[in-house]
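Inside the fold
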Amino acid sequence: MPTITNTLEIHSLHAKAPGQEILRGVDVSFPRGKIVTLMGPNGSGKSTLAHVLMGQPEFTVTKGQIRWQGKNLLRLKAWERSRLGLFVSFQQPPELPGVNLLEFLATAYKAHHPKANQQKDFDKNLRKALSTLKLPESFLERSVNTGFSGGEKKKAEMLQLLVLQPKLAILDEVDSGLDIDALKLISKTVRSLRSPQRTFIIITHYQRLLQYLKPDIVHVLVNGVIAESGSAALVKKIEKKGYSEYLKVAS
Ligand SMILES: Nc1ncnc2c1ncn2[C@@H]1O[C@H](COP(=O)(O)OP(=O)(O)OP(=O)(O)O)[C@@H](O)[C@H]1O
Ligand SMILES: [Mg+2]
């Protein structure tokens, strides 16, 4: 019997998109209560890992295991993973014309918190989230991501994070394209949610966000495998030297 653990454990994960193997044996764990950063060159498989964790059907897992809270995540549908408390802010969040943000958030909240005192808690979280992110209520009437600027898309993702309060949040390049004030606001939002009960996986290319967030653990994904793991000092090394040493080994 496997032990029940709140660490997200990934063993020998292989996954492919049509015609291309992308993840080639990922072994990594994400302990509860930690901020973990995932870095790596463009095209190394970071977003694919986020998609596979959320159960996106365009990727096929050919081998390996993902365990969390005593469950084999690979056997669960995306909504079941949400119900367990998993949340992914995608690098390119989809546009949903005709679905307004308020409806979308309410539906997602129900999926995440089926037993909560739904309407009251949802309203409370939403009011607080709008104020934290300095967003007007009228923002909720807009169709999800449709015509949103780059920064507004990222703020809409943060709104979901604040409303849903997931147990495990994967933020894929939530810092890309943000002005400095928005970057600070988003860093503050993540820091305010930091808790021993919650895990963050932060996918980023930049040191700037990490200066505010101070990750506990850093992993480097290269060519579909974890090439190195370490402390926050690893971010500085990458900023200075880039990924060439890993790419030499991988090629
Ligand atoms: N749906 C798909 N079909 C075919 N190939 C795909 C698909 N999704 C991703 N890939 C390919 O898989 C590789 C890894 O892509 P992925 O988006 O995971 O990289 P990444 O590490 O997130 O890169 P970046 O830092 O640029 O965001 C790339 O070569 C990409 O073209
Ligand atoms: Mg990506």
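Our subject is the structure that appears above.
Residues numbered from 1 in each chain as written. Chains lettered and ligands numbered in written order. Predicted model: local features only at pLDDT ≥ 70, side-chain atom pairs only at ≥ 80, totals over all residues. Heavy atoms only, no water.

**Topic: the nonpolar core**
Side chains of nonpolar character tend, in soluble globular proteins, to be buried together. Note the following rule: We define the nonpolar core as a collection of buried residues of types Ala, Val, Leu, Ile, Met, Phe, Trp, Tyr and Cys that are connected through side-chain atoms lying within 4.5 Å of one another. Burial status follows relative accessibility: with a 1.4 Å probe on protein chains alone, a residue under 20% of its type maximum counts as buried, one over 50% as exposed, and anything between as partly exposed. Note on conventions: DSSP H or I runs of at least 4 residues are helices, E runs of at least 2 residues are strands, and numbering of each starts at the N terminus. Only heavy atoms matter for contacts: two residues are in contact if any of them lie within 4.5 Å across the pair.
Leu159, Leu161, Leu171, Phe200 and Ile202 are the most contacted members of the largest nonpolar core, which has 47 residues in total. Ranked by residue count, the leading element in this core is helix 5 (residues 150–164), at seven residues. In this structure Ile202 touches Ile35, Val36, Thr37, Leu38, Leu171, Val190, Leu209, Leu210 and Leu213, once residues within four positions along its chain are discounted. Counting residues in each nonpolar core, the second largest holds 32 residues, with Val26, Leu73, Phe90 and Leu168 among its members.

**Things to note about the coordination of the magnesium ion (ligand 2)**
Our working rule: Donor criterion used throughout: N, O or S atom within 2.8 Å of the metal, extended to 3.2 Å for Na, K and Ca. Water excluded; incomplete-looking sites may result.
Surrounding the magnesium ion (ligand 2) are the protein donor atoms Ser47 (OG) and Gln91 (OE1), which sit 2.0 to 2.1 Å from the metal. With Ser47 in helix 1 (residues 46–54) and Gln91 in the loop between strand 6 (86–89) and strand 7 (96–100), this pair connects stretches of sequence that are 44 residues apart.

**Remarks on the packing of aromatic side chains**
To keep it simple, the criterion reads: Classification of ring pairs uses Phe, Tyr and Trp, with its six-membered ring standing for Trp, and accepts pairs whose centres are within 6.5 Å; under 30 degrees between planes counts as stacked, over 60 as edge-to-face, and the remaining range as tilted.
Evaluation of the coordinates by the stated rule reveals three aromatic pairs. With centroids separated by 5.5 Å and ring planes inclined at 55°, the aromatic side chains of Tyr109 and Phe122 adopt a geometry described as tilted. With Tyr109 in helix 3 (residues 101–112) and Phe122 in helix 4 (residues 118–132), this residue pair connects regions lying 13 residues apart in the sequence. Here Tyr109 matches Phe122 in class, with each residue buried.

**Some details on the side chain of Gln160**
Structurally, Gln160 can be placed in helix 5. Among the residues examined, Gln160 registers a relative accessible area of 8% and is labelled buried. Excluding residues within four positions of it along the chain, Gln160 makes contact with Phe87, Phe104, Leu105 and Gln165.

**What about the environment of Leu133?**
You can see Leu133 is positioned in the loop between helix 4 and strand 8 (143–144). Linking Leu133 and Phe30, residues 103 residues apart in sequence, is a C-alpha distance of 27 Å. Those residues in contact with Leu133, other than ones at most four positions away along the chain, are Lys155, Met158, Leu159, Leu162, Leu185 and Thr189.

**Some thoughts on helix 5**
What counts, and what does not: To estimate how far a helix should reach, multiply one less than its number of residues by 1.5 Å.
For helix 5, built from 15 residues, the straight-helix expectation of 21 Å at 1.5 Å per residue is met to within 8% by its first-to-last C-alpha distance of 22 Å. Burial analysis of helix 5 places 11 of its 15 residues in the buried class, the great majority of the element. Taken together, the buried positions of helix 5 are Lys154, Lys155, Ala156, Glu157, Met158, Leu159, Gln160, Leu161, Leu162, Val163 and Leu164. Its buried side turned inward, helix 5 meets strand 6, helix 3, helix 4, strand 9 (168–172), helix 6 (180–193) and strand 10 (199–203).

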